[in-house]
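What the coordinates show
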Amino acid sequence: MEDKSQRNLETQVIHAGYELDKATRSVSPPIYQTSTFAFESAEQGAALFAGKEKGYIYTRLGNPTIEALEQAVASLEKGVGALATSTGMAAVSTVYFSLLEKDTHLIGTAALYGASRTIIETEFVRYGVTSDFVDTSNLDEIRKKIRKNTRLLYIESPANPTMALTDIQGCAQIAREHGLVLAVDNTFASPILQNPLELGADVVLHSVTKFINGHSDVVGGIIVSKTNELQERLARVLHLLGGTMDPHQAWLVLRGLRTLYLRVEKAQDNARKLASWLESQPKVAWVNYPGLPGHAQFELMKKQMKGPGSMISFGLKGGYEAGLKLINSVKLCTLAVSLGGIETLIEHPASMTHAGVSREEKEKAGITDDLIRLSVGCEAYEDLRADLEQAMGQC
Ligand code: LCS
């Protein structure tokens, strides 16, 4: 029989996770909009609860529509299974709750998405979890912070919003040497451009709110595991914590996923052109985009990613003031947080997505006051460039 996991990603995004429904042969998967599933008998109910029989019990514990999405993303990320969650933060917190405990220590990327860091520093600290957030692009910084009780190495690559990359294979090596679990937030790359499990990571997670859904109309998350042991551990915790996805949400995300490849290709093509154009502009001080040959980690990008993606950060020579003028002057780009949708979004991380991180820590992580983040969408390149050109004219 054909091994469908060997099909190209381009094909998998369209077909993975769903076989024609046997009863109706509907081409689009049915939405099992139900909270609970009837047992055939008391004995069958008991067998399902005891795990002696396979089947559905209750939507928090499993639902065919949600499983279709989980199987599709597990296949794209080359994991043994996946767990869809109500938001990206539910995925992040489930990973933390599952893999950390009292008196354990985490090492994370300094420039993580703000809330992924804040929850450790302000909430998990109450349960005795300690942490060090470092520049994980430099593997020595990680090695220096390892302690006896370090359990989890948690990285984001590319990182939000600095676009700094971390060597995932290098991290996997460190994790193996020290018995750590390596978790990678792959939101910025999407499974099309980077597959961390193949580079040695143990767990991959996404805010599916971003590229995977891709239409800025759903929030959600997903966690993919490399081993059955991790999958079972994470499932147990997720089902107890309750941050699961709902069937209608899963159906929408699966619909979005079907065009992921096309969207990533188009947005990346736009971003490559925009990054080069921005770099050539006299008012632009710097551009961080891993697809530019001048980017410090251009070679690493080529080694571990299939392309640089569509997120750019940049600063103007006029600094913070000029940046605010720019984001207040755009007409086609939309001033909003979030990313990875078909429409181009622009925002100011220091005062928005990363406002919860202290000023000192932001500076250490490279989240400077002049940093503007651009999530490049699928519009025509010429229209995006014209909009940024007219907005820059106001600065
Ligand atoms: N991981 C990354 C890399 C993110 O960028 C986000 C959200 C999350 C996890 C959390 O996912 P959520 O719960 O929002 O689905 N990032 C956002 C951002 O940069 N702007 O708005 C939200």
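Residues numbered from 1 in each chain as written. Predicted model: local features only at pLDDT ≥ 70, side-chain atom pairs only at ≥ 80, totals over all residues. Heavy atoms only, no water.

1. A closer look at the nonpolar core
Ranked by size, the top nonpolar core spans 58 residues in total, and within it Leu-69, Ile-142, Leu-153, Leu-182, Met-245 and Leu-260 carry the most contacts. Here this core takes 7 residues from helix α3 (residues 64-77), the largest share from any one element. Two domains each put at least three residues into this core: domain 1 (9-257) and domain 2 (260-392). Excluding anything up to four places from it in sequence, Leu-69 contacts Ala-84, Ile-222, Met-245, Ala-250, Val-253 and Leu-254. (Core = buried A, V, L, I, M, F, W, Y, C linked by side-chain atoms within 4.5 Å. Buried < 20%, exposed > 50% of the residue type's maximum accessible area, 1.4 Å probe, protein only. Helix = DSSP H or I, 4+ residues; strand = E, 2+ residues; numbered from the N terminus. Domains from an automatic or database assignment. Contact = heavy atoms within 4.5 Å.)

2. A look at the site of the ligand
Around the ligand sit 17 residues in total, of which Asp-185, Ser-207, Thr-209, Lys-210 and Arg-373 are the nearest. In isolation the ligand has 480 Å² of accessible area, and contact with the protein removes 91% of it. For the shell around the ligand, the residue count by class is 4 nonpolar, 9 polar and 4 charged. Of the residues that make up the shell around the ligand, three or more belong to each of domain 1 (9-257) and domain 2 (260-392). (Near = heavy atom within 4 Å. Areas by Shrake-Rupley, 256 points an atom, 1.4 Å probe, with all protein chains shown as cover. Nonpolar A, V, L, I, M, F, W, Y, C, P; charged D, E, K, R; others polar.)

3. A word on empty space enclosed by the protein
Evaluated as defined, the whole model comprises 1 cavity of 30 Å³ or more. Phe-188, Ala-189, Leu-193, Phe-211, Val-264, Gln-268, Gly-309 and Ser-310 are the residues that line the largest cavity. In terms of residue class, the lining of the largest cavity is made up of 5 nonpolar, 3 polar and no charged. (1 Å grid on protein atoms, 1.4 Å probe; cavity = no way out; pocket = protein on both sides within 12 Å on 5 of 7 lines; lining within 4 Å. Points joined across faces, edges and corners; volume = space filled by probe spheres on them.)

4. With respect to the layout of surface pockets
Empty space within the second largest pocket amounts to approximately 310 Å³. Lining the second largest pocket are 22 residues, with Gly-88, Tyr-113, Ser-207, Thr-209 and Lys-210 sitting closest to its centre. Of all the elements in the fold, those that place two or more residues in the lining of the second largest pocket are α4 (88-99) and β6 (203-207). Here the residues of the lining of the second largest pocket sort into 8 nonpolar, 10 polar and 4 charged. Per-domain counts for the lining of the second largest pocket show at least three residues from each of domain 1 (9-257) and domain 2 (260-392).

5. Observations concerning unusual backbone geometry
Note that the residue after Ser-157, namely Pro-158, is joined by a cis bond; omega there is -5°. Mapping Pro-158 onto the fold places it in the loop between β4 (150-156) and α7 (168-178). The step from Asn-160 to Pro-161 runs through a cis peptide bond, and the omega angle for that step is 5°. Phi angles above zero are rare outside glycine, and Lys-78 is one such case at about 60°. Of note, the phi angle at Ser-190 is positive, near 70°, even though the residue is not glycine. As for its placement among the helices and strands, Ser-190 is situated in helix α8 (residues 190-193). For Ser-190, a relative accessible area of 0% gives the class buried.

6. Things to note about a nonpolar patch on the surface
There is a patch of nonpolar side chains on the surface, built from Phe-39, Phe-49, Tyr-58 and Leu-61 and spanning about 390 Å² of accessible area. Along the chain, the position of Leu-61 falls in the loop between α2 (42-49) and α3. (Patch = residues over 30% accessible without salt bridge, like charges linked within 9 Å, V, L, I, M, F, W, Y side chains within 5 Å. Salt bridge = Lys/Arg side-chain N within 4 Å of Asp/Glu carboxyl O.)

7. A short note on the domain arrangement of the protein chain
Looking at the protein chain, the domain boundaries give domain 1 (9-257) and domain 2 (260-392). Summarising the inter-unit geometry, the C-alpha centres of domain 1 and domain 2 are found 26 Å apart. Facing the 42 residues of domain 1 at the interface are 38 residues of domain 2. Carbon and sulfur atoms supply 62% of the area buried between domain 1 and domain 2, which totals about 3300 Å² over both sides. It is Leu-165, Leu-193 and Phe-211 that lose the most area in domain 1 upon contact with domain 2, and together they represent 22% of the buried surface on that side. Our enumeration of links across domain 1 and domain 2 arrives at 2 salt bridges. Of the charged contacts, one joins Lys-303 and Asp-167 as a salt bridge, the two residues approaching to 3.8 Å between their closest N and O atoms. (Buried area = accessible area lost by both parts, 1.4 Å probe.)

8. Focus on the packing of aromatic side chains
A complete count under the given rule lists 6 aromatic pairs for this structure. Between Phe-39 and Phe-49, the aromatic rings sit 6.3 Å apart at their centres with planes inclined by 75°, giving edge-to-face as the arrangement. Of this pair, Phe-39 sits in the loop between α1 (9-15) and α2 while Phe-49 sits in helix α2, and the two are 10 residues apart along the sequence. The exposure class assigned to Phe-39 is partly exposed, which follows from its relative accessible area of 36%. For the pair Tyr-96 and Phe-124, a centre-to-centre distance of 5.7 Å together with 80° between the ring planes defines the contact as edge-to-face. Taken together, the residues Tyr-96 in helix α4 and Phe-124 in the loop between α5 (114-123) and β3 (130-134) connect sequence positions 28 residues apart. Under the relative-accessibility criterion, Phe-124 is labelled buried at 5%. One aromatic cluster in this structure is built from Tyr-96, Phe-97, Phe-124, Tyr-127 and Tyr-154. The ring centre of Tyr-113 lies 5.9 Å from the NZ or CZ of Lys-210, which sits over that ring. (Phe/Tyr/Trp six-rings, centres within 6.5 Å; stacked < 30°, edge-to-face > 60°. Lys NZ or Arg CZ within 6 Å of the ring centre and 35° of its normal.)

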